[in-house]
Amino acid sequence: PVPLDNWDRIFPAMGSIATLAGDVSISGTITGRYGKDLTAEVNFTSSIFELDRGPALLEEASTSSGSGGAPSGQGNTFKPITGSPITFTGKVSVAKGRLEKVAFENLTASMSFVGTKFSLDRMGFSAFGGQMTGSAWADLGSSSPAFGSSMKMKDVEIKDRKSVV
């Protein structure tokens, strides 16, 4: 596994979007030619994966909701990405992780990144004492990134709303 500390040094443009911690192992194949049907089948495996919104997304939330987030005028505004010349598909497997304040275990999903849209489909994981299944997506192609999810929950218990927001 490769540690995710300082990952933004490898992908500087992405550093304003997210802060990552933990580890990841990546395996896969690339087929096609640049500019024509370039496709990567990639599998991501992690024993621990933690993600927090970066300064650009915090500032976007602050600007759109009027509360929280990074201070205005810090130069961290979100810069939309252009469509990638390569289509990514694959599998994601995380033993233990955290997305902002939400801790989870045993996450599995099918992943795709096409153009500017990233999605996790056929996703399942344990959180809040129960099981969650569904999908999530983010479109990073505009200055106000769009995102969404559709989840089914079984035996989930959220005792304090502040623990997830």
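Novice: When you look at the sheet that holds strand β6 (residues 117-127) in this model, what are you seeing that I'm missing?
Specialist: Across a sheet, strands are paired by hydrogen bonds formed along the backbone, either parallel or antiparallel in direction. If you walk across this open sheet you meet the eight strands as β1-β2-β3-β4-β5-β6-β7-β8, and the pairing is mixed. With partners counted over all chains shown, the strands left at the sheet margins are β1 (2-3) and β8 (146-154), one partner each. Note: β1 against strand β2 (residues 18-33), two bridges, orientation antiparallel. Note that in β2 the partner of V2 across the bridge is V24.

Novice: Is there a simple way to explain the pattern of salt bridges in this structure?
Specialist: Between side chains of opposite charge, pairing is possible as soon as their charged atoms come close. Enumeration according to the criterion identifies two salt bridges in this entry. For E50, the salt bridge identified is with R98, shortest N-O distance 3.5 Å. Here R98 lies in strand β4 (residues 87-99) and E50 lies in strand β3 (residues 36-53), a separation of 48 residues in the sequence. Classification of R98 by relative accessible area gives partly exposed; the value is 23%. A salt bridge links D52 to R98; its shortest N-O distance comes to 2.8 Å. Of the two residues, D52 sits in strand β3 while R98 sits in strand β4, which places them 46 residues apart along the sequence. What makes D52 partly exposed here is its relative accessible area of 25%. If you follow the salt bridges from partner to partner, you end up with E50, D52 and R98 in one network.

Novice: Help me understand the side chain of D23, please; the structure alone is not making it clear to me.
Specialist: Among the structural elements, D23 can be located in strand β2. Buried and unpaired, D23 has no salt bridge, with K96 as the nearest side chain of opposite charge at 11 Å. At a separation of 2.5 Å, a polar atom in the side chain of D23 contacts the side chain of S47. The contacts of D23, once residues within four sequence positions are left out, are P1, V2, P3, L4, T45, S46, S47 and I48.

About the cut-offs
- Residues numbered from 1 in each chain as written.
- Predicted model: local features only at pLDDT ≥ 70, side-chain atom pairs only at ≥ 80, totals over all residues.
- Heavy atoms only, no water.
- Pairing = 2+ DSSP bridges.
- Helix = DSSP H or I, 4+ residues; strand = E, 2+ residues; numbered from the N terminus.
- Salt bridge = Lys/Arg side-chain N within 4 Å of Asp/Glu carboxyl O.
- Buried < 20%, exposed > 50% of the residue type's maximum accessible area, 1.4 Å probe, protein only.
- Lys, Arg positive; Asp, Glu negative; His and termini not counted.
- Polar contact = N/O pair within 3.5 Å; in protein donor to acceptor, adjacent residues only side chain to side chain.
- Contact = heavy atoms within 4.5 Å.

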